[in-house]
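Topology and contacts: notes
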Amino acid sequence: MAATTAGVVRRRVGAAALAAAAWPMPAGCAGDDPDPAPAAARSASPAATGSAVPRSALLPPVAAYVDAVNGKDLDALTKAFAPDGQVVDVGRRFAGRDAIRGWADREVIGGALTVRGVVERRDGYQKLLVTFAPGGSGGFAAHYAFTVSGSAITRADLTYAN
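Residues numbered from 1 in each chain as written. Predicted model: local features only at pLDDT ≥ 70, side-chain atom pairs only at ≥ 80, totals over all residues. Heavy atoms only, no water.

1. Some points on the overall build of the chain
Per the secondary structure count, the chain includes 5 helices and 6 strands. The N-to-C order of helical and strand elements in the chain reads α-α-α-α-β-β-α-β-β-β-β. Of all 162 residues assigned to the chain, the portion counted as buried reaches 47%. Here the contacts in the chain between residues at least 6 apart in sequence split such that 49% fall between residues at least 24 apart. If you sum the accessible surface of the chain, you get close to 7,600 Å²; carbon and sulfur atoms cover 55% of it. (Helix = DSSP H or I, 4+ residues; strand = E, 2+ residues; numbered from the N terminus. Buried < 20%, exposed > 50% of the residue type's maximum accessible area, 1.4 Å probe, protein only. Contact = heavy atoms within 4.5 Å. Areas by Shrake-Rupley, 256 points an atom, 1.4 Å probe, with all protein chains shown as cover.)

2. Concerning the packing of aromatic side chains
As enumerated under the stated definition, the model contains 7 aromatic pairs in all. Consider the rings of F140 and Y160, whose centres lie 5.5 Å apart with planes at 70°: the pair is edge-to-face. With F140 in strand 5 (residues 140-149) and Y160 in strand 6 (residues 152-160), this pair connects stretches of sequence that are 20 residues apart. Overall, the relative accessible area of 26% leaves Y160 in the partly exposed class. (Phe/Tyr/Trp six-rings, centres within 6.5 Å; stacked < 30°, edge-to-face > 60°.)

The following block contains the structure:
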């Protein structure tokens, strides 16, 4: 299993070089700026998580996820998801909190997550441009799209940024 995880990290770190040209990408890069936060608020000083956007610009369950990753808090990350929530990480699907916990323990906790911008936001949905740096790596650009219901993430789709 360690070889598989190492292979995933190598692929992701390799993708960082390809994605580097996309950094920095402004919020709202997909056209009209759907982020309801005023531009001045989005350009305010970075949040405590080290993100380039203030924590208040994130949906509460999404902010909980970002905080958990950066706080290396596996329990909090798991609790950010609904019991039947799912993660689709570059095509690999993890369904339910137990599967999400195992995935996060192997591949997420120990890394650093920086939110670079809010690409899209609507009721119950938020897509972010992030930099994720697995432990000890330089990181790579990705899009993290979260679907939320109430106080929990029901689905997270994680893809490389183009």
